[in-house]
Amino acid sequence: MIPFARIAALASALFPLLASAQFSPPPLLFSGMDGEHLLDDGTLLPFWGYGYVADGFMTLPGPFLAYEAGGNYLLSFVNDSPEGHTIHLHGLDVNQSNDGVPSTSFTVMPNAEASYAFAANHPGTYLYHCHVTTTLHLTMGMYGMLLVTRSDGTLWEGGPAYDRDVPLLFSDLDRSVNEAPTAAYPFHTIRPDYFMVNGLSGASLSDSESVAAAVAGERVALRLGSMAYAQVTCRFPSEWHAEVVMSDGRPLPVALSVEELVLYPGERYSVLIDAPEETGTTMEVDYISMVSGALESTQTVALNTTLTSVNAPMARPQLMAFPNPATERIHAALPAGRWSVFNALGAVQASGVAVEGTWNIPVNDWPPGLYTLRHESGATARFVVR
Ligand SMILES: [Cu+2]
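Here is what the cut-offs are and how they apply
Residues numbered from 1 in each chain as written. Predicted model: local features only at pLDDT ≥ 70, side-chain atom pairs only at ≥ 80, totals over all residues. Heavy atoms only, no water. Donors = N, O, S within 2.8 Å, 3.2 Å for Na, K, Ca; no water. Tetrahedral: all angles 85-135°; square planar, octahedral: opposite > 155°, others 65-115°. Helix = DSSP H or I, 4+ residues; strand = E, 2+ residues; numbered from the N terminus. Buried < 20%, exposed > 50% of the residue type's maximum accessible area, 1.4 Å probe, protein only. Domains from an automatic or database assignment. Contact = heavy atoms within 4.5 Å. Buried area = accessible area lost by both parts, 1.4 Å probe. Salt bridge = Lys/Arg side-chain N within 4 Å of Asp/Glu carboxyl O. Polar contact = N/O pair within 3.5 Å; in protein donor to acceptor, adjacent residues only side chain to side chain. Phe/Tyr/Trp six-rings, centres within 6.5 Å; stacked < 30°, edge-to-face > 60°.

Comments concerning the coordination of the copper ion
Octahedral metal centres with six donors ideally show angles of 90 or 180 degrees, and tetrahedral centres with four donors ideally show 109.5 degrees. For the copper ion, every protein donor is listed as H85 (ND1), C130 (SG), H137 (ND1) and M142 (SD), and the spread of their distances is 2.0 to 2.8 Å. For the copper ion, the four donor atoms in the first shell make angles of 85 to 129° at the metal, so the coordination geometry reads as tetrahedral. Taken in sequence order, the residues that donate to the copper ion follow the motif H-x44-C-x6-H-x4-M. Remark: C130 occurs in the loop between β8 (124-129) and α2 (134-139) and H85 occurs in the loop between β5 (72-79) and β6 (88-90); sequence separation between them is 45 residues. You can call H85 buried: its relative accessible area is 0%.

Printed below as a string of structure tokens:
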């Protein structure tokens with residue numbers, strides 16, 4: 001397999017504007033404080049976060065970013081919110097002025113745009129997050145994962161070859177904080193009560209066919225990172241043959257075969273697994289309170305191994321919404337899974353869970369304008385209502 005195809009596949013899965021063959025740095029991000037995240041029970045929870053300017057909406061977690069090792073990059077964002085924010089590149093070797101810590105570098109004020117320069121010298125798994133009033137801005141949703149990958153299909157120079165990256169970002173939140181952030185003080189009383197992998201929880205996570213997907217027989221690199229308050233313990237099924245090979249963006253001297261792996265807040269690991277023939281084998285993720293030691297939640301990630309080629313469905317399925325413009329109803333051939341429609345201001349206009357077949361919803365009472373339909377796989381379609 002051409003290693004480049006893997007990076008292009010990853011890139012196209014993670015950012016829609018990079019579906020072309022050429023690997024290039026991610027496009028401009030924006031920060032906002034008016035996001036709405038669809039919870040597993042169908043309610044919408046306010047969040048702060050990051051999104052692509054070209055998309056116009058934010059995601060929780062923020063966009064997955066991928067860079068090719070060896071390059072020098074600028075990560076840019078525009079602050080489209082009423083308060084200052086930053087991006088701290090957690091674990092990357094940046095100089096002080098690009099570190100995103102307000103007191104030692106700079107804060108990006110409302111309506112300002114800024115760039116962070118970094119050299120992607122060490123392939124690995126990293127995180128990024130806002131560093132302004134970090135406890136609050138982080139629990140509100142201002143974080144994401146960043147990968148530095150190699151073009152030759154190995155994890156590091158002289159390291160093991162593999163076929164596919166599967167990023168899994170663990171996080172949690174306290175719903176009462178997201179609903180009333182100004183009442184979040186004192187921060188030591190924050191007690192997360194919603195536990196996520198890549199922003200999904202409960203049935204929306206365990207039923208997802210796009211969170212972890214591979215071709216049976218592939219060597220898969222699980223890119224694990226934790227932004228949770230809780231201690232996270234991953235329990236891998238024996239048929240995955242899980243091997244920890246990297247920690248915090250550096251190779252381990254010796255690969256460790258594991259059935260369990262503990263991640264503390266801010267930690268990252270790369271774990272190689274063999275995608276089994278059987279589809280739907282599951283990894284359990286325990287969230288354990290670091291205050292009380294109690295098990296707070298167990299989330300389930302199912303590995304979908306029904307992919308039949310190296311590119312699908314990592315290549316974003318193309319969504320087509322019709323008729324466009326729409327006046328009465330909008331239709332789309334939507335795969336099963338959660339969907340949202342965002343208006344031109346990035347607010348959720350409608351959301352739900354598609355079962356299968358042809359999806360359609362009424363738009364006759366919607367304000368005229370441009371809307372974006374987004375499926376949980378990351379696929380999007382734009383349409384006009386008038
Ligand atoms: Cu912030």
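Focus on the domain arrangement of the chain
Domain annotation for the chain reports domain 1 (3-149), domain 2 (164-307) and domain 3 (321-385). The distance between the C-alpha centroids of domain 1 and domain 2 comes to 19 Å. On the domain 2 side, the residues contacting the 35 residues of domain 1 number 40 residues. A combined buried area of about 3000 Å² lies between domain 1 and domain 2, and 66% of that area is made up of carbon and sulfur atoms. Area buried by domain 1 at its contact with domain 2 is led by D40, T125 and T139, which between them contribute 20% of it. Of the charged contacts, one joins R250 and D93 as a salt bridge, the two residues approaching to 3.2 Å between their closest N and O atoms. At the surface where domain 1 touches domain 2, the tally comes to 13 residue pairs in polar contact (both at pLDDT 80 or more).

What to know about unusual backbone geometry
Backbone geometry follows two general trends: most residues other than glycine have a negative phi, and most peptide bonds adopt the trans configuration. Residues Y185 and P186 are joined by a peptide bond in cis, for which omega reads -5°. Along the polypeptide, P186 turns up in the loop between α3 (175-179) and β11 (194-197). Here F322 and P323 are connected by a cis peptide whose omega angle stands at -10°. Not every positive phi belongs to a glycine, and T133 is a case in point at roughly 40°. Along the polypeptide, T133 turns up in the loop between β8 and α2. At H241, a position not held by glycine, the phi torsion is positive, near 50°. By the secondary structure assignment, H241 is in the loop between β14 (231-235) and β15 (243-247). Judged by its relative accessible area of 48%, H241 falls in the partly exposed class.

Examining the packing of aromatic side chains
Enumeration over the complete set of coordinates arrives at 14 aromatic pairs. Taking 4.2 Å as the distance between ring centres and 5° as the angle between the ring planes, the aromatic pair formed by F57 and F342 counts as stacked. You can see F57 sitting in the loop between β2 (44-52) and β3 (58-59) and its partner F342 sitting in strand β23 (residues 337-342), a full 285 residues away along the chain. Residue F57 is classed as buried on the basis of its relative accessible area of 2%. A relative accessible area of 6% means that F342 is categorised as buried. Plain terms: the ring middles of F77 and Y116 are 6.4 Å apart, the flat faces sit at 5° to each other, and that makes the pair stacked. Of this pair, F77 sits in strand β5 while Y116 is found in strand β7 (residues 113-119), placing the two residues 39 residues apart along the sequence. Taking the relative accessible area as the measure of exposure, Y116 reaches 0% and is therefore buried. Aromatic ring contacts, followed pair by pair, group Y50, F77, F106, Y116 and Y128 into a single cluster.

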